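Descriptive structure summary
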Amino acid sequence: MATDPVCGMFVEERTAELTLVRDNRTYYFCASGCLEEFSAPARQLARLRRRLAVAWPLSAAVIALTYLGPFHDWPYAAFALAAVVQFYPGLQFYRGTVDAIRSRVWNMDVLIAVGTTVAFLYSAAVVFFPSRLPPAYYFDASSLIVTLILTGNYLEHLTRERARGSLRRLKELLPTTALVLRGGAEVEVPVAEVQAKERFRVRPGGRFPTDGVIVEGRSAVDESLLTGESLPVDKGPGDPVIAGAINGEGLLTVEATKVGEDTVLAQIGQLVAEAETSRVPLQQLADRIASVFVPLVLLLATLASIAWLLDGVGLTVALLVFVSIAITACPCAFGIATPAAIVVGTGRAAEEGILFKGRDSLERASRVDVVLSDKTGTLTRGAPTLTDLLPVAGEDRRRLLAVAAGLEGGSEHPLARAVVALARQEGVAPEPISGISADAGRGITGVRGGRTVSILRGASAREEHLELGGLGKEAERVASEGKTWSVVLEEGRPLGLLGFSDVVAPGVREAVATLARDGISVVMVTGDHEAAARHIARQVGITEVHAGVRPEGKLALLREYRARGKHVAYVGDGINDAPALAAADLGIAIGAGTDVAKEAGGVILVRSDFRGVALALRLGRRTVGKVRGNLEWALGYNAVLLPVAAGALVPVFGLGIYSVLPITGALAMALSSTSVVLNSLSLRLVSLSR
């Protein structure tokens, strides 16, 4: 059976008449009100406001008439006002009941419609047949119950919309139209009509309607929605752009590469929508309760009212017992216990570029107690950085860097790029060097001012037993830290040493510390050599390291931890580590970028930020904890208040308690579902600091 995405009630798919297809997914609804709230929330909210604008003044007037009795025929006036409340603001409960009967499901509208109708019709009968029934009027109860429950629905609607805010904001990132180039002219068309390989223009300050490649123009592009980078990125012909990104000051012509549901933004939205339908094992019990709750409540209300009637309390009190039980019960609290928490939790994750993939990934994330992580590109930046620039005595540091940058300026080798990057960063102009020639794997040579200058890789320097003089100890130190080194020479004489390292990525130490506080240990598993692995591990606070591990060794290590009873998450790049990601209890693919739909693993981190690992696991635990708390609240609420409605407190307060029980029960029921959603909304505050 399917569940209503709004109220969480069970819906039989075979007999359901109320359905909606959105993003290739079919949703089932127990009532037309739920369908309208899901498909057109703004319109449903406006309708609720109109009904409340009628219900509250009229209910207040009915209460005043009931308790003040200002004139002799006030019951007729109360009947007229209560009838308006019952059949205009309260009309949605009757429609929901009819929908429930057609779809063969039991929903909350049935309880409300039955309870308020009994109170209203009994009071109406007393008005028109006063000699045949005890003179008791409950127009105040019927009208106020309808009003309070509608108010609860309104508050729940507002909080639910806040919970769904992240997915809505994703959709709002796309423009509604695009300036497509057709026949040499700009034509403004809806985004849905843009075709792949079609060219379009994006004006300064505009958003890109689809993914594409720039074919003309240059500009700074803000892609923070995907990368998390606060600064715009300079882009030109041949550079890719993503839908929803913001163009800077330049006019760009772009060729569409992915359109519609194939864009990165659409893939992210689809994954978030799928995650919102996740279920956890605890929900199975709630589902079983919710599926039989309404008929059981009606049976309890009937039996309890008959029992009190047989006890001699009279028809009026027996009627109030029935109304109190029917109105107090709240099946929706069971139904939305899981969806409310999961919608907020997955939405909060999506805001940080964390996507839960699959229906049980949240549950698996909540159980993780060990994280196995690759090193390169996961804990580190994945590209070498020039960390040590050590000139010999008497040599200038900036000159050493200028010579090195002059030699490496035309090379695409990763170490060469690191040298050039540091020179650019420090404002050092490369020395003019001619006759440059590279010897693959050994180094590079050139001529400067008639003198031969070169860079020799450390391995080659050792093989050739190059005399390093005072740089020898520095070379040993750099190597002991797991770094790669090269020596800069002039006419065979060392000018200085260059040390390269794959530096720790930003935020890794903070993430490891956060995981430790949450009781989760981090283990480094890398194919790199021991010294390099230990050096990075010391910097980030990891104590357990497995170096020189081949891909099959990673799988063996995973099995070893699982054999110890551990729940293991593996963090990798999503491509090279696909086998390990698939074998772990939870695979976390980091730095997925524009290929989120293709990644292996249950959690996808769009950004290359290890802090996302800690936040994903914390959100998994907190979300499942909220589900548990919501279910406990729903169970406790009904377990405590239903016996009270049935008369458990009569021995203490007497039968007079039933003068307030129907209204207090309606107030409690109206607030119960809202409380579940408000409790779930606290997940929006989850961060690495709390």
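Attention here is on the structure that accompanies the text. Bear in mind the structure is a predicted one, so any value in this text is a computation, not a measurement.

Cut-offs applied
Residues numbered from 1 in each chain as written. Predicted model: local features only at pLDDT ≥ 70, side-chain atom pairs only at ≥ 80, totals over all residues. Heavy atoms only, no water. Helix = DSSP H or I, 4+ residues; strand = E, 2+ residues; numbered from the N terminus. Expected span 1.5 Å × (residues − 1). Bend = angle between axes of the 7 residues up to and from the residue. Core = buried A, V, L, I, M, F, W, Y, C linked by side-chain atoms within 4.5 Å. Buried < 20%, exposed > 50% of the residue type's maximum accessible area, 1.4 Å probe, protein only. Contact = heavy atoms within 4.5 Å. Salt bridge = Lys/Arg side-chain N within 4 Å of Asp/Glu carboxyl O. Pairing = 2+ DSSP bridges. Axes fitted to C-alpha atoms, helices over the stretch in contact; angles between N-to-C directions. Parallel < 35°, antiparallel > 145°, perpendicular 65-115°, else oblique. Nonpolar A, V, L, I, M, F, W, Y, C, P; charged D, E, K, R; others polar. Left-handed = near helix turned anticlockwise from the far one by under 90°. Patch = residues over 30% accessible without salt bridge, like charges linked within 9 Å, V, L, I, M, F, W, Y side chains within 5 Å. Areas by Shrake-Rupley, 256 points an atom, 1.4 Å probe, with all protein chains shown as cover.

It helps to recall that an α-helix has 3.6 residues per turn; residues three or four apart then point in one direction. In this model helix H25 (residues 661–681) runs 30 Å from its N-terminal to its C-terminal C-alpha over 21 residues, within 8% of the 30 Å that 1.5 Å per residue would give. At Ser-672, H25 is deflected by roughly 25 degrees, the largest bend along its length.

A few words on the nonpolar core. Core analysis: the biggest nonpolar cluster contains 79 residues, and Phe-29, Cys-30, Ile-325 and Tyr-658 have the highest contact counts within it. Every residue in contact with Ile-325, bar those within four places of it in the chain, is listed here: Val-297, Leu-300, Ala-301, Ala-304, Leu-642, Ala-645 and Ala-646. One finds Val-344, Val-571, Ala-614 and Leu-619 within the second-largest nonpolar core, a separate group that totals 46 residues.

One pass over the structure, following the stated rule, counts 34 salt bridges. Arg-457 is paired through a salt bridge with Glu-408; the nearest N and O atoms lie 3.4 Å apart. Highlighted residues: Arg-457 in strand E19 (residues 451–457) and Glu-408 in helix H15 (residues 397–408), separated in sequence by 49 residues. Neither residue differs from the other here; Arg-457 and Glu-408 are each classed as buried. One salt-bridge network, held together by shared partners, links Glu-395, Arg-399, Glu-431, Arg-448, Arg-451, Glu-490 and Arg-493.

To continue, consider the sheet that holds strand E18 (residues 443–448). Reading across from one edge, E16-E21-E20-E19-E18-E17 is the order of the 6 strands in this open sheet, with antiparallel pairing throughout. The sheet terminates laterally at strand E16 (385–391) and strand E17 (434–439), the two strands that pair on one side only. Each strand axis lies, on average, 15 degrees off the axis of its neighbour in the sheet, ignoring direction. One ladder, built from 7 bridges, connects strand E20 (residues 484–490) with strand E21 (residues 493–501); its direction is antiparallel. Across the sheet, residue Val-487 finds its bridge partner in E21, namely Leu-497. Together, E16, E20 and E21 form the strand contacts of helix H18 (residues 471–480), whose direction differs from that of E21 by roughly 10 degrees.

Attention now moves to the packing of helix H19 (residues 508–517) against helix H20 (residues 530–540). In contact at an axis separation of 8 Å, H19 and H20 are set at 70 degrees when each is read in the N-to-C sense. Our classification of the angle between H19 and H20 gives roughly perpendicular. Here Val-508, Arg-509 and Val-512 of H19 come into contact with H20, specifically with Arg-538, Gln-539 and Val-540. Here the contact of H19 with H20 is composed, by residue class, of 3 nonpolar, 1 polar and 2 charged.

Once that is clear, we can look at the packing of helix H5 (residues 108–128) against helix H11 (residues 315–328). Geometrically, a packed helix pair is captured by the angle between its two axes and the distance between the axes. Look at H5 against H11: their axes get within 8 Å of each other, and the N-to-C directions meet at 155 degrees. Judged on the interaxial angle alone, H11 and H5 are roughly antiparallel. Once H5 is placed against H11, the crossing between them reads as left-handed. Residues Leu-111, Ile-112, Val-114, Gly-115, Thr-116, Val-118, Ala-119 and Tyr-122 of H5 lie in contact with H11, whose contacting residues are Leu-315, Thr-316, Leu-319, Phe-322, Val-323, Ala-326 and Ile-327. When grouped by side-chain class, the residues that make up the contact of H5 with H11 number 12 nonpolar, 3 polar and no charged.

A few words on a nonpolar patch on the surface. A grouping of Leu-155, Leu-158, Leu-667 and Leu-671 is seen on the molecular surface, where their side chains present a nonpolar patch of about 290 Å² in accessible area. Where the nonpolar patch is concerned, the elements lending two or more residues are helix H6 (139–163) and H25. Relative to the helices and strands, Leu-158 resides in helix H6. Residue classification places Leu-158 among the partly exposed residues on the basis of a relative accessible area of 33%.

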